[in-house]
Amino acid sequence: MSDVLLATDADWIHDEVEAALGGANSQLRRVRRGADVVAAVQDRTPTLVVLDLQIGNMGGMAACTALRHESASGRLPRVPIIMLLDREHDVFLARRCDADGWLIKPLDSFRLRRAATAVEKGGTFIEGVPEGTPDPLLA
């Protein structure tokens, strides 16, 4: 069974993710604040975390970074993370916080299911900039 944790304050994103990843063999949990992501993962480790880049006062990048720090310190297991980006230029944010995959809005069920499947199996899923493209922040 798939257990997906979604962090977004936008109802339309929740509806899109539920349509794509919800069903009889999965459970979708939602938090509306980025600050609640770590506690939700501590409560029950999901098979996938989906983070909206724009979430109130603690966005997806900060929530992703917090999860990676907790994992690196041994306080949480490493969980697969997909970030939902607003535009191609946000790809560097997803790379910076070590997301396993990202999609650029608007979303569609087909792309979201492909991304979730790839990331849950230990792979990656990227959009926007080819993976081999140099990171401008490292140049």
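Computed from a predicted structure; not experimentally measured.

What counts and what doesn't
Residues numbered from 1 in each chain as written. Predicted model: local features only at pLDDT ≥ 70, side-chain atom pairs only at ≥ 80, totals over all residues. Heavy atoms only, no water. Salt bridge = Lys/Arg side-chain N within 4 Å of Asp/Glu carboxyl O. Helix = DSSP H or I, 4+ residues; strand = E, 2+ residues; numbered from the N terminus. Buried < 20%, exposed > 50% of the residue type's maximum accessible area, 1.4 Å probe, protein only.

**Q** I keep staring at the pattern of salt bridges and nothing clicks. Help me out?
**A** Here the idea is simple: oppositely charged side chains can pair when their charged atoms come close. By the definition in use, this model includes 15 salt bridges. Among the ionic pairs, arginine 32 bridges to aspartate 11, the shortest N-O distance being 3.4 Å. Linking arginine 32 in the loop between β2 (26-31) and α2 (37-43) with aspartate 11 in helix α1 (residues 11-21), this pair joins segments that are 21 residues apart in sequence. A residue is classified by how much of its surface remains accessible, and arginine 32, at 46% relative accessible area, is partly exposed. Across the salt bridge formed by lysine 105 and aspartate 52, the nearest N and O atoms sit 2.6 Å from each other. Placement of lysine 105 in the loop between β5 (101-104) and α5 (109-120) and of aspartate 52 in strand β3 (residues 48-52) is noted, with a sequence separation of 53 residues between them. Several salt bridges converge on common partners, so that one network encompasses Arg68, Arg78, Asp98 and Asp100.

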